[in-house]
Amino acid sequence: MRILITGGAGFIGSHLCERLLNEGNEVICLDNFFTGRKENIFHLMDNHRFELIRHDVTEPIFLEVDQIYNLACPASPVHYQYNPVKTVKTSVMGAINMLGLAKRVKARIFQASTSEVYGDPEIHPQTEDYFGNVNCIGLRSCYDEGKRVAETLFMDYHRQNNVDTRIVRIFNTYGPKMLENDGRVVSNFIVQALRGEDLTIYGTGEQTRSFCYVDDLVEGFIRLMNAEADNIHLPVNIGNPGEFTMNELASEVAKAVGKETKITYLPLPQDDPKQRQPNITRAKELLGWSPTISLDEGLKKTVAYFAERIKTSDNKIAKV
Ligand code: NAD
Ligand code: UDP
């Protein structure tokens, strides 16, 4: 198949490009390099089935493809809050442009949505039928509401135009190829621990997240994209239900790095969700999917990656 991946030079997108190429597909990676980088996909450039296009999804594009994975959007709060208007445009206009393309060429299209559609959830763990608790005027809204509108567009293009859509709600995912200055918690803690700096915990550190290793996530993506079922167009949570406080995560990272670490507590950013854990019953039933990589195993692989990377980089960690 010929497969378009928007945001293909980013953290998750570059893993997906590699996996789909390995399965024998033609892959077109489209990216504006806001948070993506050529290094993530450099090793794929020699493959004759791989193409790279510098393009912004807020502009229309005309291509002939069989499948589209729409991942273009900065995912770290630091980066999506840098230019919030652009973040909304990327999610909303990006979805309209990609759905228009899918409609024209009759491609199946997949949206990378997020657990952020649940906001600061009052239901725990979160099931797909929960409508969420999102502040529509806060600092995180550009991302959360942008992704919510994108889901709306996916459902409406499906109902109105019969576009063959898939929506995944991704819970916090980590692994090699995250930027060392990405600003998300796993990369921050690992880079800080490796550099002998204090780990920065925001708030009391008692807020929770559930962390999924990137290979597990990509497996879930491919299963969902290629699954058939009556209700397959409805959103599916993909994440690892193992839930940790940020204090617990700091200890796990210290263990994986094998160093004594100190902690500095910093103020909690606005609207930071207090708890988050996916209910993955739907993914299990529809796709036979569940995660296979534990946090300590995934952290070891990610630490090995960053240990190599930061030797050649002095990028400062980004802060909200
Ligand atoms: P990332 O920031 O590493 O990747 C995003 C990619 O999109 C980058 O390569 C960036 O340059 C590109 N991009 C941004 N705006 C663009 C635009 N206007 N036009 C073209 N390309 C653009 O983030 P990631 O973690 O790889 O996330 C990928 C997708 O998964 C995003 O849509 C994100 O919202 C979603 N997601 C990720 C997580 C996670 O934990 N990693 C959780 C929930 C949802
Ligand atoms: N966080 C932290 N220290 C950091 C970066 C983040 O304690 O250096 C916290 C943040 O406040 C949040 C959690 O870690 O409670 C996850 O943050 P991240 O930005 O990784 O993802 P999101 O909040 O979007 O789930």
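Not measured: the values here are computed from a predicted model.

A. Structural detail: the packing of aromatic side chains. For the structure shown, the criterion picks out 8 aromatic pairs. Ring centres of Tyr-69 and Phe-110 lie 4.9 Å apart, and the angle between their planes is 50°; this geometry places the pair in the tilted category. A residue pair is termed long-range when its members are at least 10 positions apart, and Tyr-69 in strand S4 (residues 67–70) and Phe-110 in strand S5 (residues 108–114) qualify at 41 residues. Owing to a relative accessible area of 0%, Phe-110 belongs among the buried residues under this scheme. On the basis of an interplanar angle of 15° and a centroid distance of 6.0 Å, the ring pair of Tyr-118 and Tyr-130 is categorised as stacked. Note that Tyr-118 is positioned in the loop between S5 and helix H4 (141–161) and Tyr-130 in the loop between S5 and H4, a separation of 12 residues in sequence. Neither Tyr-118 nor Tyr-130 differs from the other in exposure class; each is buried. Feature note: the residues Tyr-69, Phe-110 and Phe-221 constitute an aromatic cluster, connected by ring pairs.

B. Focus on the layout of surface pockets. There is about 280 Å³ of room inside the second largest pocket. Tyr-130, Phe-131, Glu-151, Arg-169 and Pro-235 are the residues nearest the centre of the second largest pocket, which is lined by 14 residues in total. A total of 4 residues in the lining of the second largest pocket trace back to one element, the largest contributor, which is H4. Tallied by class, the residues present in the lining of the second largest pocket amount to 7 nonpolar, 1 polar and 6 charged.

C. Fine view of the site of ligand 1. Not every one of the 30 residues close to ligand 1 is listed here, only the nearest: Asp-31, Thr-35, Tyr-143, Thr-173 and Arg-184. Asp-56 is positioned such that a nitrogen or oxygen atom in its side chain is 3.0 Å from a nitrogen atom of ligand 1. The contact in question runs from an oxygen atom of ligand 1 to an N or O atom on the side chain of Tyr-143, over 2.6 Å. Protein contacts shield 97% of the accessible area of ligand 1, which totals 820 Å² for the unbound molecule. With 3 residues, the single largest contributor to the shell around ligand 1 is S5. The residue inventory of the shell around ligand 1, partitioned by class, reads 14 nonpolar, 11 polar and 5 charged.

D. Focus on empty space enclosed by the protein. A full pass over the atoms with the stated rule returns 1 cavity of 30 Å³ or more. When its volume is computed, the largest cavity comes out at roughly 40 Å³. In terms of lining residues, the largest cavity is bounded by Asn-70, Leu-71, Ala-72, Cys-73, Thr-90, Ser-91, Gln-111 and Lys-147. Looking at side-chain class alone, the lining of the largest cavity contains 3 nonpolar, 4 polar and 1 charged residues.

E. Fine view of the environment of Asp-198. Mapped onto the elements, Asp-198 comes out in the loop between helix H5 (185–195) and strand S8 (199–202). In sequence terms Asp-198 and Ile-263 are 65 residues apart; their C-alpha atoms lie 5.0 Å from each other. Ignoring anything within four residues of it in the chain, the contact list for Asp-198 reads Gln-192, Lys-262, Ile-263 and Thr-264. Polar side-chain contacts of Asp-198 include one of 2.8 Å to the side chain of Thr-264.

Rules of the game
- Residues numbered from 1 in each chain as written.
- Chains lettered and ligands numbered in written order.
- Predicted model: local features only at pLDDT ≥ 70, side-chain atom pairs only at ≥ 80, totals over all residues.
- Heavy atoms only, no water.
- Phe/Tyr/Trp six-rings, centres within 6.5 Å; stacked < 30°, edge-to-face > 60°.
- Helix = DSSP H or I, 4+ residues; strand = E, 2+ residues; numbered from the N terminus.
- Buried < 20%, exposed > 50% of the residue type's maximum accessible area, 1.4 Å probe, protein only.
- 1 Å grid on protein atoms, 1.4 Å probe; cavity = no way out; pocket = protein on both sides within 12 Å on 5 of 7 lines; lining within 4 Å.
- Points joined across faces, edges and corners; volume = space filled by probe spheres on them.
- Nonpolar A, V, L, I, M, F, W, Y, C, P; charged D, E, K, R; others polar.
- Near = heavy atom within 4 Å.
- Polar contact = N/O pair within 3.5 Å; in protein donor to acceptor, adjacent residues only side chain to side chain.
- Areas by Shrake-Rupley, 256 points an atom, 1.4 Å probe, with all protein chains shown as cover.
- Contact = heavy atoms within 4.5 Å.

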